[in-house]
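In case you want the letters, here they are:
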Amino acid sequence: MTDNTTFDDLFDHQPEEQRPRKKKRVWRKVLVILLIIVILGVLGIGLYVWSVGRSFDKNANQLSDEQVFGKQKSGDKGDGGTNILLLGSDEPMDEVDVNDSRGLRSDTIMVMHLPDDGGNVQIMSIPRDTWVDVEGHGKSKINSALSYGGLPLAVSTISDFIGTDLDHVAIIDFEGFKALTDSLGGVTVNSEQSFEKNGYTFTKGENVLDGDEALTFVRERKQFKDGDFQRARNQQAFIRGLTNEIISADTLSNPGKIQDMVKNFAPYMYVDSGLDAKYISATAFDMRDVRPGDIEFFTAPVAGVGTSPDGQSIVNVDEEELSKLQDAFKNDTVDDYVQNAPEAHL
């Protein structure tokens, strides 16, 4: 699945007639996993639950079930663990009409699976040009669902892809990513390769990154032979570094640092109404033993880059592996699936 063509060129997800006039792009594909890291690393600490939870509820932006799912949720939780859709917004969310989010761009699509037994957490990245069925529009790129029908269609499309319901949805724009990184005083990241970009030099091994440096690190792809896939590995390396920083003694023993982190980060979060401090605190308690090494990353089962009948560059799905993955999501065995997946699809 390596490709000399830039994946940002391939992953131009909107239909031709809906594409905006091209302009200089600033990376806004933020890894919304940061929210869950905050959940696991902060809100499970009893001393801070009330004040931190109150700050999160006060500052985060809650969306109604109709805005997110297109209907009122029943509130019932079925079997199979918890699945949270994580989206990175390509636009400042305060400029988006969340009541009509058609045309919203998202370069980052992830599904986080929290098992019922509180064990290892799995995070699956879905390439935005993955060729799937989009209700009412036939075959299309998975991210085109946002353009066609806003969040409700995107949620239902990704739910169909994994073969089971999504329980929660979280969105963040790039300013939140920078704010969280800087509120921690920087994040130490282990880079697989050395490279230079935007005046920054990244060495092989450990690098301490501030918000702007982190954006460059997780954005870059052209410096690497396997382009977008090395970028995905860099993003994962950053998440690991961020997790280590958040659950370190220096962070958890510093109430002011925690309050600033949540206060600075939450305003850039858009979450469904059920993803509040009460739910987060309960989840954090259930998963209190999870550590950075217990978070497993993998990509959706794809079968290389191809061309659609109408000439679009797309990413094909490995249907046989997808069937296995869907069974794993339904049966809460995603951990077992990842352990046996071919190179975790990377």
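Just above, that's the structure.
Residues numbered from 1 in each chain as written. Predicted model: local features only at pLDDT ≥ 70, side-chain atom pairs only at ≥ 80, totals over all residues. Heavy atoms only, no water.

**Here's the deal with the packing of aromatic side chains**
For any pair of aromatic rings, the description rests on two quantities: the centre-to-centre distance and the angle between the ring planes.
So, step 1. A complete count under the given rule lists six aromatic pairs for this structure.
So, step 2. Taken together, a centroid distance of 5.0 Å and an interplanar angle of 80° make the contact between Phe195 and Phe224 edge-to-face. Note that Phe195 is positioned in strand β9 (residues 195-197) and Phe224 in the loop between α7 (211-219) and α8 (227-246), a separation of 29 residues in sequence.
So, step 3. Note on Phe195: relative accessible area 6%, which makes it buried.
So, step 4. Plain terms: the ring middles of Phe202 and Phe217 are 5.6 Å apart, the flat faces sit at 55° to each other, and that makes the pair tilted. In this pair, Phe202 is assigned in strand β10 (residues 200-202) and Phe217 in helix α7, connecting sequence segments 15 residues apart.
So, step 5. Among the residues examined, Phe202 registers a relative accessible area of 2% and is labelled buried.
So, step 6. In this structure an aromatic cluster arises from ring pairing among Phe195, Tyr200, Phe202, Phe217 and Phe224. (Phe/Tyr/Trp six-rings, centres within 6.5 Å; stacked < 30°, edge-to-face > 60°. Helix = DSSP H or I, 4+ residues; strand = E, 2+ residues; numbered from the N terminus. Buried < 20%, exposed > 50% of the residue type's maximum accessible area, 1.4 Å probe, protein only.)

**Observations concerning the pairing of strand β8 (residues 187-191)**
So, step 1. Here β8 shows a clear split, with Val187, Val189 and Ser191 buried on one side and none of Thr188 and Asn190 buried on the other.
So, step 2. The sheet contact formed by β8 and strand β11 (residues 205-209) spans five bridges and is antiparallel. Bridge assignment links Thr188 to a residue of β11, and that residue is Val208. (Pairing = 2+ DSSP bridges.)

**Considerations on helix α5 (residues 144-162)**
So, step 1. The end-to-end C-alpha distance of α5, which contains 19 residues, comes to just 17 Å, noticeably less than the 27 Å that a straight helix rising 1.5 Å per residue would cover.
So, step 2. Along its length, α5 reaches its greatest deviation from straightness, about 135°, at Gly150, and the proline Pro152 lies no more than four positions downstream.
So, step 3. Of all 19 residues that make up α5, 14 are buried, and the element is covered over most of its length. (Expected span 1.5 Å × (residues − 1). Bend = angle between axes of the 7 residues up to and from the residue.)

**A few points about the pattern of salt bridges**
Side chains that carry opposite charge are capable of pairing whenever their charged atoms lie near each other.
So, step 1. With the rule as written, the count across this model stands at five salt bridges.
So, step 2. Linking Glu192 and Arg233 is a salt bridge whose minimum nitrogen-to-oxygen distance equals 3.6 Å. Pair noted here: Glu192 is in the loop between β8 and β9 and Arg233 is in helix α8, with a separation of 41 residues, a long-range link.
So, step 3. On the basis of relative accessibility, which here comes to 44%, the residue Glu192 falls in the partly exposed class.
So, step 4. Residues Glu321 and Lys324 are paired through a salt bridge, measuring 3.3 Å at the closest nitrogen-oxygen approach. Here Glu321 pairs with Lys324, and both are found in helix α12 (residues 319-331), just three residues apart, close to one helical turn.
So, step 5. Since its relative accessible area comes to 10%, Glu321 is described here as buried. (Salt bridge = Lys/Arg side-chain N within 4 Å of Asp/Glu carboxyl O.)

**Side note on the pairing of strand β12 (residues 269-272)**
So, step 1. Here β12 shows two buried faces, one formed by Met269 and Val271 and the other by Tyr270 and Asp272.
So, step 2. Of the pairings in the sheet, the one linking strand β1 (residues 61-63) to β12 comprises three bridges and is parallel in character. Paired with Gln62 across the bridge in β12 is Val271.

**Things to note about the environment of Ile314**
So, step 1. Along the chain, Ile314 falls in strand β15 (residues 313-317).
So, step 2. Distance in space between the C-alpha atoms of Ile314 and Ile142 is 9.8 Å, their sequence separation being 172 residues.
So, step 3. Excluding anything up to four places from it in sequence, Ile314 contacts Asp129, Trp131, Lys141, Gly304, Val305, Gly306, Thr307 and Ser308. (Contact = heavy atoms within 4.5 Å.)

**Points about the packing of α5 against α12**
So, step 1. Packing of α5 against α12 brings their axes to within 8 Å, and their N-to-C directions diverge by 100°. The orientation of α5 relative to α12 falls into the category roughly perpendicular. Contacts between α5 and α12 involve Asp160, Phe161 and Ile162 on the former and, on the latter, Leu322, Gln326 and Phe329.
So, step 2. Classifying every residue of the contact of α5 with α12 by side-chain character gives four nonpolar, one polar and one charged. (Axes fitted to C-alpha atoms, helices over the stretch in contact; angles between N-to-C directions. Parallel < 35°, antiparallel > 145°, perpendicular 65-115°, else oblique. Nonpolar A, V, L, I, M, F, W, Y, C, P; charged D, E, K, R; others polar.)

**Regarding unusual backbone geometry**
So, step 1. One non-glycine residue, Asn198, lies in positive phi territory at about 55°.
So, step 2. Residue placement: Asn198 occurs in the loop between β9 and β10.

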